[in-house]
Amino acid sequence: MDKKKWDKTFTDRIEKYYDEMKWLYSELYNNDEQAFSYFCDMLYQYYTERSDVLKLWDLGREVVDDWFSGNEMLGMLMYTDAFAGDLKGVRKHLGYIEEVGVNYIHLMPLLCSPPGRSDGGYAVSDFRTVQPNLGTMKDLAKLSEDCHSRGISVCLDFVMNHTSEDHEWAKRAKQGEKEYQDRYFFYDNWDIPNQFEKTVPQVFPTTAPGNFTWCDEAKKVVMTSFYPYQWDLNYRNPVVFNDMTANMLYLCNQGVDIIRLDAVPYIWKTLGTDCRNLPQVHTLVRIMRMAAEIVCPGTLLLGEVVMEPSKVVPYFGTVEKPECHMLYNVTTMASTWHTVATKDVRLLKHQLGIVFALPKQYVFLNYLRCHDDIGWGLDYQFLSQFGIEEVAHKKYLNDYLKGAWYGSDARGELYNDDPRLGDARLCGTTASLCGIEAAEYEGREDKLDRAIKLDIMLHAFLFTQSGIPVLYSGDEIGQKNDYSYHDDPDKREDSRNLHRGHLDWDSVARRKEKGTREQRIFDAINRLAKIRTSNKVFENDADTWIVETYNDHILGIGRYYRGEKLIALFNFNDKDETAWINEEEEYHDMLTGEKVLAKAVGVPANDFVWLMTKF
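This text gives an overview of the structure that appears in the document.

What counts, and where the lines are drawn
- Residues numbered from 1 in each chain as written.
- Predicted model: local features only at pLDDT ≥ 70, side-chain atom pairs only at ≥ 80, totals over all residues.
- Heavy atoms only, no water.
- Axes fitted to C-alpha atoms, helices over the stretch in contact; angles between N-to-C directions.
- Helix = DSSP H or I, 4+ residues; strand = E, 2+ residues; numbered from the N terminus.
- Parallel < 35°, antiparallel > 145°, perpendicular 65-115°, else oblique.
- Contact = heavy atoms within 4.5 Å.
- Nonpolar A, V, L, I, M, F, W, Y, C, P; charged D, E, K, R; others polar.
- 1 Å grid on protein atoms, 1.4 Å probe; cavity = no way out; pocket = protein on both sides within 12 Å on 5 of 7 lines; lining within 4 Å.
- Points joined across faces, edges and corners; volume = space filled by probe spheres on them.
- Pairing = 2+ DSSP bridges.
- Salt bridge = Lys/Arg side-chain N within 4 Å of Asp/Glu carboxyl O.
- Buried < 20%, exposed > 50% of the residue type's maximum accessible area, 1.4 Å probe, protein only.

## Some words on the packing of helix 2 (residues 33–49) against helix 11 (residues 238–252)
In the contact formed by helix 2 and helix 11, the axes pass within 10 Å of each other and the chain directions differ by 5°. The pairing of helix 2 with helix 11 is recorded here as roughly parallel in orientation. Together, A35, Y38, F39, M42, L43 and Y46 of helix 2 and P238, F241, N242, D243, T245, A246, L249 and Y250 of helix 11 make up the contact between the two elements. Across the contact of helix 2 with helix 11, the residue classes break down as 11 nonpolar, two polar and one charged.

And the structure:
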């Protein structure tokens, strides 16, 4: 490590973190001075390789370091091939993305992964090469450049827990090279793996049971927490951490603004534990945060922590020693669909109360649907006071949302069904789960009206929450389930492909035709997004609280920021209801502009009201 070669900007940045970074690194890796020296030199290498344009981008974001936490951000999640075929296709459709009002796109995994053994791109065989059918790394850099010129940020998955068994490291490990076997968890027999299995839960107990796989080429057992073709990396080895951090920084230097740390709670393994959320995980994330602040401070870390709030929140770190910039609000998402199925808002009120009590500097990504399934990790201790039992309730939710419950127009499919434990999860697009698919199939205009109202109401609820709302590509036009995956041998075993279908551009074109489902939903979401952007009451720093409506079908949310007060009411029932509120100020309806009293407010079935007053 030759500090004399470092320029002033890099020196100023690294000196800010050097002592803490060295202390954490030394604690984790037993005072390995050589490894830490290599790590620092590697940071400087990627700093010097960063383009002048990106460095200028960094400087601007250092001045406004909370640039991502306002009310202007609206995200969209998409698979590159499903949205536009390839990266060049995404570039051609940036105008459409802007038309939606989106200024943050999350490109789902697009790095090299073996066909048929990729888990949707989450089994990476080369972290520096784009999947050939999607384009090249130059195409990604060019897309990022075009996005930046339009004020759009780019998010990319960084699969850090494991590699594909086709990765160069894994191939050399199969050949018996100890250096590369040491980058994974290899064992000569099943003795230690069996010890792990006593305490480590299974991620996919029905489709990929167990946490280990026999590697016939190496004649050894290897840890595979997710699927047999995804080999867990051994972060106890500093070479793994150094090289994976280098891979992350390489992607940042292609213009990626947000790095999504995939499956981050799993990255540290200790025998006798559940290998989830261990203290060393937070040490690694903290060092990665400092590495990004030194090399590319315009970059954000998004942690994928799909767990209850008590385990999610620690990944923000502390104000003095932050870890992730953003995290997913997964429990609110699951509680939302519970509320759709039960029409009872009490659990959602309870969940939101927990979120509202958190520090305002915490930025959550809020969403209705994502690429994955809906898991029913609800607060069953809270629900038990209403006589609700976990297994039976999960069955009800799944039955309702797949349309197997009398009176339900939802259309979804189960994922990883385990009848013994009653632990199935659920798949489906927002539109199909809201009843749009069933209504159009039956040709029922009355049902379609109700379903579209529900769809729009859920998006209004999404936009009312603090943080960044993220749309799933296709939701802006009410795209329905794609059942064609059943005929694809590479996809038929994974029901999540039900909502991962290709964007129907003919359907997109119908957003211009008055009265179509596409036009009604597109225009409504677009209008909600514009209202949110133009009113400071939707800022992340706003005070938020639950408004008591004295009606278990209507959720009430209050927001206040710098003289603006919002009362938002959401009716989850399929009948008209009254919110028994009694607010003193004079309000106006944000959608109609009409002056209204915020007293005993009627809210139509599956509809919402945004009431605003200014002081």
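## Some remarks on the layout of surface pockets
One number sums up the size of the second largest pocket: a volume of about 910 Å³. What lines the second largest pocket is a set of 34 residues, among which S118, D119, G120, G121 and D490 lie closest to the centre. Looking at the lining of the second largest pocket, the element that brings in the most residues is helix 4 (residues 80–84), giving three residues. A breakdown of the residues in the lining of the second largest pocket according to their chemical character gives 12 nonpolar, 12 polar and 10 charged.

## A closer look at empty space enclosed by the protein
Applying the stated rule across the entire model yields five cavities of 30 Å³ or more. By volume, the largest cavity is sized at about 140 Å³. Forming the boundary of the largest cavity are 18 residues, of which Y472, S473, Q479, H499 and G501 lie nearest the centre. Per-class residue counts for the lining of the largest cavity are seven nonpolar, seven polar and four charged. Here the second largest cavity defines a volume of roughly 70 Å³. Every element with two or more residues in the lining of the second largest cavity is listed here: helix 13 (309–312), helix 14 (330–342) and helix 15 (346–356).

## What to know about the sheet that holds strand 19 (residues 554–561)
Taken in spatial order, the six strands line up as 18-19-20-23-21-22 in an open sheet, and their pairing is antiparallel. Edge positions in the open sheet fall to strand 18 (543–546) and strand 22 (595–603), since each of these has one partner strand only. Sheet twist, expressed as the mean angle between neighbouring strand axes with direction ignored, is 15°. Bridging between strand 21 (residues 577–589) and strand 22 involves seven bridges; their strand directions are antiparallel.

## Let's talk about the pattern of salt bridges
All told, the structure shown has 54 salt bridges when counted by the stated rule. Where D182 meets K178, a salt bridge forms, and the shortest distance between an N and an O atom there is 2.8 Å. D182 sits in the partly exposed class, given a relative accessible area of 33%. Its relative accessible area of 56% is what places K178 among the exposed residues. Within this structure, R117, E165, D166, K174 and E217 form a network of salt bridges that share partners.

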